[in-house]
Amino acid sequence: MTNTILLKDAMERNGLKLKDIAEQLEISTDSLHRKIQNKKEFKGSEIGALVDILHLSSKEIKEIFFE
């Protein structure tokens, strides 16, 4: 389950909006919103892309996506 609060914090810290990230992931903003809200799961490739886009540390990856 995705930690919505920590993911949104990382997005804000990087100055990125939902639209910006959705474009980089090549998905709709609605799809990204559903994934952030845990209504749909992120694919492994999307998690990998988010790690790069948001410059996430190993600790952040674990806390956001795997705890």
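The coordinates are above.
Residues numbered from 1 in each chain as written. Predicted model: local features only at pLDDT ≥ 70, side-chain atom pairs only at ≥ 80, totals over all residues. Heavy atoms only, no water.

Section: the nonpolar core
So, step 1. Core analysis: the biggest nonpolar cluster contains 19 residues, and L7, I21, F42, L54, L56 and F65 have the highest contact counts within it.
So, step 2. Secondary structure elements with two or more residues in this core: α1 (4–13), α2 (18–25), α3 (29–36), α4 (44–54) and α5 (58–65).
So, step 3. With five residues, α4 is the single largest residue contributor to this core.
So, step 4. Ignoring sequence-local partners within four residues, the contact set of L54 consists of L7, A10, M11, R13, N14, L16 and I21. (Core = buried A, V, L, I, M, F, W, Y, C linked by side-chain atoms within 4.5 Å. Buried < 20%, exposed > 50% of the residue type's maximum accessible area, 1.4 Å probe, protein only. Helix = DSSP H or I, 4+ residues; strand = E, 2+ residues; numbered from the N terminus. Contact = heavy atoms within 4.5 Å.)

Looking at the environment of T4
So, step 1. Here T4 is to be found in helix α1.
So, step 2. A C-alpha to C-alpha distance of 17 Å links T4 and A49, two positions 45 residues apart in sequence.
So, step 3. Leave out the neighbours within four places in its chain, and T4 touches I36, Q37 and N38.
So, step 4. Polar side-chain contacts of T4 include one of 2.7 Å to the backbone oxygen of I36. (Polar contact = N/O pair within 3.5 Å; in protein donor to acceptor, adjacent residues only side chain to side chain.)

A closer look at α4
So, step 1. Every buried residue of α4 is accounted for by E46, I47, L50, V51, I53 and L54.
So, step 2. If you follow the buried residues of α4, they end up packed against α1, α2, α3 and α5.
So, step 3. Positive phi appears at H55, one or two residues downstream of α4, with a value of about 55°.

Some thoughts on the pattern of salt bridges
So, step 1. On inspection of all chains with the given rule, the structure shows four salt bridges.
So, step 2. A salt bridge links E60 to R13, with the shortest nitrogen-to-oxygen separation between them at 2.9 Å. Of this pair, E60 sits in helix α5 while R13 sits in helix α1, placing them 47 residues apart in sequence.
So, step 3. Here E67 makes a salt bridge to K62, at a shortest N to O gap of 4.0 Å. (Salt bridge = Lys/Arg side-chain N within 4 Å of Asp/Glu carboxyl O.)

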